[in-house]
Every structure is written in structure tokens, then in C-alpha cells.
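# What the coordinates show
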Amino acid sequence: AYKLSLLSSIAFHGKVPMKYVYSEGITRITKQDIAVGKEFGLTLKLLAIGKKENDKIEARVHPTFIPNSHPLASISGATNAVYLDCDALGELVLSGQGAGSLPTGSAVVSDIVYASKQAEPSYNTFKNDDNVSPDCFNFNWESQYFISIMAPDRHGILSTVSGIFAANNISIASMVQKRTGEKQVPIIFLTHPCHELDMKQAINQISQVEGLSVSNTIRVEALS
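All values reported here derive from a predicted model rather than from experimental measurement.

## Some details on the nonpolar core
Ranked by internal contacts, the top residues of the largest apolar core, which has 19 residues, are Ile147, Ile149, Val161, Phe165, Met199, Ile206 and Leu212. Elements represented by at least two residues in this core include exactly strand E6 (142-152), helix H4 (157-167), strand E8 (184-191) and helix H5 (196-207). Core analysis: the second largest hydrophobic core is formed by 10 residues, Leu4, Tyr20, Ile57 and Ala59 among them.

In C-alpha cells form, the structure reads like this:
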């Protein structure tokens, strides 16, 4: 999240304070989420995503499903990567070792040497203060969603969930129901692109239906 705050500030020429960076961890991710994602042709990664559209910045960090064909899908281990979509260059991927004592030490020493050789301070292309209006940011971004729901194995459940999605302008792209032999079964939905606030409202309504519980909601990015 701190890296995204810095990189977005530089990329978009405007201060992106940490308080406007949405952050979500990996604690709710399950093996089943990863396995079903693979069935959809998706790879799960913890991504920091920064975008600027219509003069609004969105900055968010969360587990994200991306297509297996995307360059970031093959990044693993201690390797870090940055994917850029540029006006002049198009798509660009930079990758390298991002963890461990040697890569970290090398980066720190490099910065110290660079700073020591500068005759004057180097100034940013933006005013470096936190007095930034929230109106400059988009908190209702558009994404696809992977939703895992635990539901009783009885008639009418799918129509109930589908009705809630439809009422919140959410369209279902794919659905997988896993038979477990238990009273509660997992149902996984993959949606078409929709808005974050619509999805949050739908999840809240689904959670209020007796017998239903939302196990996980994971955003899906096409990144193209």
C-alpha cells in the first residue's frame, strides 16, 4: 500500500495519501478459491492497482484474480513486477528481485549514493502534502468479481441470489456449485464488470438471507 501511494503519486503527478488507498489482505483466501479460480482460467495474486480515468484516481491493494495469459500471472517467489499501460509505449512490464537482504541492501545503497551526488534537492512534480480532497479519487471502481457463498442445498437458493444480483445491476458470467454431501454447499459466481458499491450492497443483502453466508469476494482484473 505504501509502495502504491508513492508510485501513484509519481505516475499521476498528484499526491496520493495512504488514507485514500484501499487495502485488503489475504487472510480469507482458501485453497478452494485458488482451485476454482484455476477452473475459470485465472491466477490469484496480491496486487497494488493504480488507475487514473476522467481525472479521478483509484488506488487499491487486494487479492486479485488475473487471466493466466497475463505477464503478472507468471511472477512468483521473491520476484516483484510492475505492469504499466502507457499512452506512448503501450504495455510494459518491469520485473526483478524484490525481497531478501541483498536486493534490499543494494537498493538502499544505490539511493544513498545517488542522493550524495546531487548538488540540489530533487523536487516532485506535485505538492507534497496530505491536504488532498477525496473528490479527486474514485472509490466506486469497476471490476469483475469472484464470489464464494455457502448455501443450504435446497430449491430456490440460486434464484434468490440471482435476484439480489439483478436488483443491484450485477450480471452473472459463470457459476460453479460444488457438491460436498454436507448440508451447506459452496456456490461460486463470476460476474461481468460491475461497480464496487453495487457489489458491497448485494453482498450485504445476501448475508441477511437466512442460511446464506458470503465466504469470500475477490476482484477480477482483465488488466488489458
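Let's pick the thread back up.
## Looking at the packing of H4 against H5
As a packed pair, H4 and H5 sit with axes 9 Å apart at the nearest point and diverge in direction by 150 degrees. Overall, the two elements H4 and H5 adopt an arrangement that is roughly antiparallel. Considering the relative orientation of H4 and H5, their crossing is right-handed. Residues Val161, Ile164 and Phe165 of H4 pack against Met199, Ala202, Gln205 and Ile206 of H5. Tallied by class, residues from the contact of H4 with H5 come to 6 nonpolar, 1 polar and no charged.

## As for the side chain of Glu58
Positionally, Glu58 belongs in strand E3 (residues 56-67). Side chain to side chain, Glu58 and Arg60 meet in a polar contact 2.9 Å long. Apart from the residues within four sequence positions on either side, Glu58 is in contact with Ile49, Gly50, Lys51, Asn138 and Trp141.

## Side note on the pairing of E6
On a regular strand, one side chain projects to one face of the sheet and the next to the other, so that they alternate. With 8 of its 11 residues buried, E6 lies for the most part within the structure. Summarising the sheet, E6 and strand E9 (residues 194-195) pair through 2 bridges and their orientation is antiparallel. Following the sheet pairing, Glu142 is matched in E9 by His195. Pairing of E6 with strand E10 (residues 213-220) involves 7 bridges; the strand directions are antiparallel. In the strand pairing of E10, Phe146 is matched with Ile218. One ladder, built from 7 bridges, connects E6 with E8; its direction is antiparallel. Residue pairing in the sheet places Ile149 in a bridge with Ile187 of E8.

The rules behind these values
Residues numbered from 1 in each chain as written. Predicted model: local features only at pLDDT ≥ 70, side-chain atom pairs only at ≥ 80, totals over all residues. Heavy atoms only, no water. Core = buried A, V, L, I, M, F, W, Y, C linked by side-chain atoms within 4.5 Å. Buried < 20%, exposed > 50% of the residue type's maximum accessible area, 1.4 Å probe, protein only. Helix = DSSP H or I, 4+ residues; strand = E, 2+ residues; numbered from the N terminus. Axes fitted to C-alpha atoms, helices over the stretch in contact; angles between N-to-C directions. Parallel < 35°, antiparallel > 145°, perpendicular 65-115°, else oblique. Left-handed = near helix turned anticlockwise from the far one by under 90°. Contact = heavy atoms within 4.5 Å. Nonpolar A, V, L, I, M, F, W, Y, C, P; charged D, E, K, R; others polar. Polar contact = N/O pair within 3.5 Å; in protein donor to acceptor, adjacent residues only side chain to side chain. Pairing = 2+ DSSP bridges.

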